[in-house]
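Coordinate analysis (summary)
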Number of protein chains: 2
Amino acid sequence: MGAVLAIDACARGAARYESGMKIAPTPARLAGIAALLLATTSASASIPPPPGAAELAQRGDDIAWSITEDLTTEIGPRMAGTEAEAAARRWAVARLKAMGFANVREEQFDMPVWVRGEEQAWLTGPFLPQKLAITALGNSASTGAKGIEGDIAYYESFDALVAAPEHLVKGKIVFVDHKMQPTQDGSGYGYYGRGRFNGANIAAKKGAIAIVIRSIGTDAHRNPHTGGTNFEAGVKPIPAGAISNPDADQLVRQWKRTLQMRTNETAMGYTPEPLRMKLMLTPQNLGTKHSGNVIAEVPGSDPTASPVIIACHLDSWDLGTGAIDDAAGCGIITAAAKHVMSAGQPRRTIRILWAGAEEVGVFGGKAYFEAHGKEKHAVALESDFGADRVWRVDFKLPDSAKGLADRIAAAVMPFGVVRGKQAANGGADIGALVQAGVPAVDLAQDGTRYFDLHHTPDDTLDKIDPAQLRQNVVVWAATLAILADSTDSELP
Amino acid sequence: MGAVLAIDACARGAARYESGMKIAPTPARLAGIAALLLATTSASASIPPPPGAAELAQRGDDIAWSITEDLTTEIGPRMAGTEAEAAARRWAVARLKAMGFANVREEQFDMPVWVRGEEQAWLTGPFLPQKLAITALGNSASTGAKGIEGDIAYYESFDALVAAPEHLVKGKIVFVDHKMQPTQDGSGYGYYGRGRFNGANIAAKKGAIAIVIRSIGTDAHRNPHTGGTNFEAGVKPIPAGAISNPDADQLVRQWKRTLQMRTNETAMGYTPEPLRMKLMLTPQNLGTKHSGNVIAEVPGSDPTASPVIIACHLDSWDLGTGAIDDAAGCGIITAAAKHVMSAGQPRRTIRILWAGAEEVGVFGGKAYFEAHGKEKHAVALESDFGADRVWRVDFKLPDSAKGLADRIAAAVMPFGVVRGKQAANGGADIGALVQAGVPAVDLAQDGTRYFDLHHTPDDTLDKIDPAQLRQNVVVWAATLAILADSTDSELP
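Here is a short report on the structure shown in this document. (Residues numbered from 1 in each chain as written. Chains lettered and ligands numbered in written order. Predicted model: local features only at pLDDT ≥ 70, side-chain atom pairs only at ≥ 80, totals over all residues. Heavy atoms only, no water.)

Okay, the sheet that holds strand E4 (residues 134-136) of chain B next. Residue and element names in this part refer to chain B. One open sheet accounts for eight strands, arranged E3-E2-E11-E5-E6-E7-E8-E4; its pairing is mixed. Looking at the sheet topology across the chains shown, the edges are occupied by strand E3 (130-132) and E4. Geometrically, the sheet is characterised by an average inter-axis angle of 30° between neighbouring strands, direction not taken into account. Inspection of the sheet shows strand E7 (residues 210-214) paired to strand E8 (residues 240-243) by four bridges, in the parallel sense. Of the residues in E8, the one forming a bridge with Arg214 is Ile243. (Pairing = 2+ DSSP bridges. Helix = DSSP H or I, 4+ residues; strand = E, 2+ residues; numbered from the N terminus. Axes fitted to C-alpha atoms, helices over the stretch in contact; angles between N-to-C directions.)

In structure tokens:
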């Protein structure tokens, strides 16, 4: 009779899972089953435990894929502060409600909006005009519809531009070279990225009329990589663009040839022929507009326990459909939360943050911190590095959580994840929380090909490997299940 | 004394090679050395034969690379009939003269010129507008600067469009799907390519207002593949474009979703929501303009022997710099001819044809045939399939040349080339000659990744693997040396 009851309980559990309803929390259910196993004899071996979140994900997750496919197909590019991003929020609220999450809502905030205009460039001399594949960087000034033309001042790296004397930069179109190399952990982004983050600001301060950089990207396709650049307060923005790697290669080849082409030769030396560029970028600042975060929750069984927060971002750059950056991240974290919910109510609330306006300045992450930074959070995680497999787990947890970290590392090990030796650093949208002391776990994704696609027109659904996407969900589900059931002595 | 003479002869040969001068033809030289070897004793093993053309190429060819780099860097895109193509011809004449070839000249011809304008497209409904990566096909009509908008009629293949009843096509923007799959021998081009070659003509005849096809390409980048399309006499051209594979995937996903979106539902069934596209293509026909072939020769020692003709094409599509299509081909054949010339004057003249206006209708090949088709040619070869390695050799030779084919197959075998079982088919620019009965040899290049790049903005120098380019030159040099010394009993 005990055995019959147990089977009934399992059947009911399964029925609840299938209908997406919450069932009793895992520990309690497991305890009940353990008691039944003790009470039965020969039948015991035939009663499997109900599936955990990771097992549910392994059995056939298509949640992450369908979120990624639907968002990128029906909404597509969703630049922060635009109607497309607003449509994405409406879509997100409807989807998260339909999935059975609680407290689904939009939390609006204001932000300055910059939008792309036309963008064209040519190498105009001394050779025949050749068109370049160019894109404006976020916050770029406009050249006006007629464009500008000027001599190129070539710098082999950001450091070389920083070191350049002002008189060589003034009045020129600065070009910053330095080809990004791929790394598994994405660690080159900060190093190579300086040319984009701060190159325009440096060039503007030295009097350049514009800056064009080699894309911060590791591919060899004629799709330039956009991304934000920033000007210090008081520095007047200049037009700023990025050309693709093949175009940068071409510019460099032409530039090397111009060095051999002598004009004004004297006994003291010669002046090389200048390499010239025409540039037409017409982006606009639209002023302050609304954006917003979309938030949803899996309510925990213990109302006194602080929540686990998991984040992705809903906005994307406008050139592609934002599949790897970051529809997939939203798919991954949401699928994991759904599997945890399906496996049984967790002790802690899981709060899902689909942040708005990340790409153009982490406005959503800042708005979340302003609204919720004073609330206690148990731990924060983010998925915003594509859709390739999780290969490493890193922790930044209190000493009290040593056993918790061990349990997570053991749980993800079967899926090919190694334990890192460095502290987790969180991510952009949870950055303020982590900086304020919230513990963090990083499920680090393989970034070897991430910067082939990052911020380009090529960030589209076809770049996502469904098998690797599922591995992400499995690893996230395993981790999230453990974190959401962690004790108050382990996490704040 | 005989030995001393032999060493002298070798030294003289080497000096001549280094200065780029012609030396005595290989068979004669080899015969002389053989005689010396018989006449000497212990010293004989230390006298190597002078290098043949293939060996010279192996020792360090950079001719093919430098032609490819210089042409794509200094001229860049060179659309048939434009000033860029004319500049390329001037560049070509100067380069071929500087390399020491004889009879370098331009042979002009006239041709109709079509040039690209602006090109933009959007999926406009029922979802939010999403921009597509599109390019006009050669001979496309213009939509006018305001563009056109219409419902999409989806066809899964060219065959499905052919089979479609007129009333379903009329007034629509036709979309032709059918993703190209890569093959080593490029044999899918004809099959998949029908959608581009003839799709617009079929759609126009059925009353479509425009046609957009999935690019004839095997990549997954947002760089559409251009190429020519043709309208029958009497058929009024319609706007015709190609979108990239990721954009075609997106269109298909949206189209499938619209099928589920019911408008006008009745008991008899329902009408699905139409998928709509806005299209703006503004190409122009510029009328008749000049183009031209550039021809150069390695004069043979026997003025009565018919020449070997080797061809590539100098023009390119305008989206990339035409590195693999076909600067590399010109580099390969010219480097091979130069190595044969350096190794010693061949018996037959080698005629190098850098054809003009191939891409837009093989006008250069036709002009060559009109001017020279009545002259006897020993054999024709062409390089116009990228820069990846030669993997197979095919022959279409008279029965008298069986031994010749065997010698070539044996000569290229060490470089990884297999002997094919099918007849050589020549190539576009030598097509008229081969059709008229001129024998042909195909040095078939590996095309596995050719259609990733073909006719896209991505056809740039960085896509060329220098090692594979050199293998091409070595194989060509080996083959050309044998053909150029073939007898009159072997080839016409």
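For the rest of this paragraph, the subject is the sheet that holds strand E5 (residues 148-155) of chain A. All names here are of chain A. Strand order in the open sheet formed by eight strands is E3-E2-E11-E5-E6-E7-E8-E4, with mixed pairing between adjacent strands. Both edges of this open sheet fall to strand E3 (130-132) and strand E4 (134-136), since each of them pairs with a single strand only. For this sheet, the mean inter-axis angle between neighbouring strands, taken without regard to orientation, is 30°. The pairing of strand E2 (residues 119-125) with strand E11 (residues 276-281) spans six bridges and is classified as antiparallel. Within E11, the position partnered with Leu123 by the bridge is Met277.

Moving on, we get to the layout of surface pockets. Residues and elements named next belong to chain A. If you add up the space inside the second largest pocket, you get close to 1200 Å³. Around the second largest pocket sit 47 residues that line it, and Tyr189, Glu358, Asp384, Gly427 and Ala428 are the ones nearest its centre. Only strand E1 (102-115), helix H8 (188-197), strand E16 (390-396), strand E17 (418-423), strand E18 (440-445) and helix H15 (450-453) provide two or more residues apiece to the lining of the second largest pocket. Broken down by element, the lining of the second largest pocket gets its largest block of residues, five residues, from E18. Its residues placed into classes, the lining of the second largest pocket shows 20 nonpolar, 17 polar and ten charged. (1 Å grid on protein atoms, 1.4 Å probe; cavity = no way out; pocket = protein on both sides within 12 Å on 5 of 7 lines; lining within 4 Å. Points joined across faces, edges and corners; volume = space filled by probe spheres on them. Nonpolar A, V, L, I, M, F, W, Y, C, P; charged D, E, K, R; others polar.)

Bringing the nonpolar core into the picture now. If you look at the biggest cluster of nonpolar residues, it comprises 99 residues, and the most contacted ones within it are B:Phe101, B:Ile211, B:Ile310 and B:Trp354. Looking at this core element by element, the count peaks at 13 residues for helix H11 (residues 323-343) of chain B. For B:Ile310, the contacting residues outside a window of four places in its chain are B:Ile333, B:Ala337, B:Ile350, B:Arg351, B:Ile352, B:Leu353, B:Leu381, B:Trp476 and B:Leu480. If you look at the next biggest cluster of nonpolar residues, it comprises 98 residues, including A:Val174, A:Ala323, A:Val417 and A:Leu480. (Core = buried A, V, L, I, M, F, W, Y, C linked by side-chain atoms within 4.5 Å. Buried < 20%, exposed > 50% of the residue type's maximum accessible area, 1.4 Å probe, protein only. Contact = heavy atoms within 4.5 Å.)

This brings us to the pairing of E11(A). Here E5(A) runs beside E11(A); their pairing, made up of four bridges, is antiparallel. Across the sheet, A:Gly150 pairs through a bridge with A:Met277, a residue of E11(A).

Let us look at the relation of the copies chain B and chain A. The two copies are related by a screw operation: chain B maps onto chain A through 180° of rotation and 0.0 Å of translation along the axis, at an RMSD of 0.1 Å. The transformation relating the two chain copies, once decomposed into turn and shift, fits a two-fold axis. Most of the interface of chain B is mirrored in chain A, where 100% of its interface residues are also at the interface. (Least-squares fit on C-alpha atoms with pLDDT ≥ 70 in both.)

Residue and element names in this part refer to chain B. Summed over the entire model, instances satisfying the criterion amount to seven cavities of 30 Å³ or more. Volume-wise, the largest cavity comes out at about 70 Å³. Every residue along the wall of the largest cavity is listed here: Ile324, Phe385, Gly386, Ala387, Asp388, Asp446, Arg449, Tyr450, Leu453, Lys463 and Ile464. Each residue belonging to the lining of the largest cavity can be placed in one class, and the counts come to six nonpolar, one polar and four charged.

So, on to unusual backbone geometry. Going from A:Asp325 to A:Asp326, the amide bond is cis rather than trans, its omega being 15°. Omega for the peptide link from B:Gly125 to B:Pro126 comes to 10°, which places this bond in the cis form. With respect to the helices and strands, B:Pro126 occurs in the loop between strand E2 (119-125) and E3. Phi at A:Ala357 takes a positive value of approximately 50°, unusual for a residue other than glycine.

Contacts between chain B and chain A engage 32 residues on the former and 32 residues on the latter. Carbon and sulfur atoms make up 48% of the surface buried where chain B meets chain A, a total of about 2600 Å² over both sides. Summed over the three residues of chain B that lose the most area to chain A, namely B:Thr73, B:Arg222 and B:Arg257, the buried surface amounts to 24% of that side. Taken together, chain B and chain A are joined by six salt bridges. In this structure, the salt-bridge partner of B:Arg257 is A:Glu74, at a minimum N-O distance of 2.5 Å. Secondary structure elements with two or more residues in the side of chain B that touches chain A: helix H4 (63-75), helix H5 (83-98) and helix H10 (245-259) of chain B. (Buried area = accessible area lost by both parts, 1.4 Å probe. Salt bridge = Lys/Arg side-chain N within 4 Å of Asp/Glu carboxyl O.)

So, on to the pattern of salt bridges. Pairing is possible between side chains of opposite charge, provided their charged atoms come close. By the definition in use, this model includes 64 salt bridges over all chains. With its nearest N and O atoms 2.2 Å apart, the salt bridge here joins B:Asp70 to B:Arg95. On the criterion of sequence distance, the pair formed by B:Asp70 in helix H4 and B:Arg95 in helix H5 is long-range, its members being 25 residues apart. The same class applies to B:Asp70 as to B:Arg95, namely buried. Connected through salt bridges with shared partners, the residues A:Glu69, A:Asp70, A:Glu74, A:Arg95 and B:Arg257 form a single ionic network.

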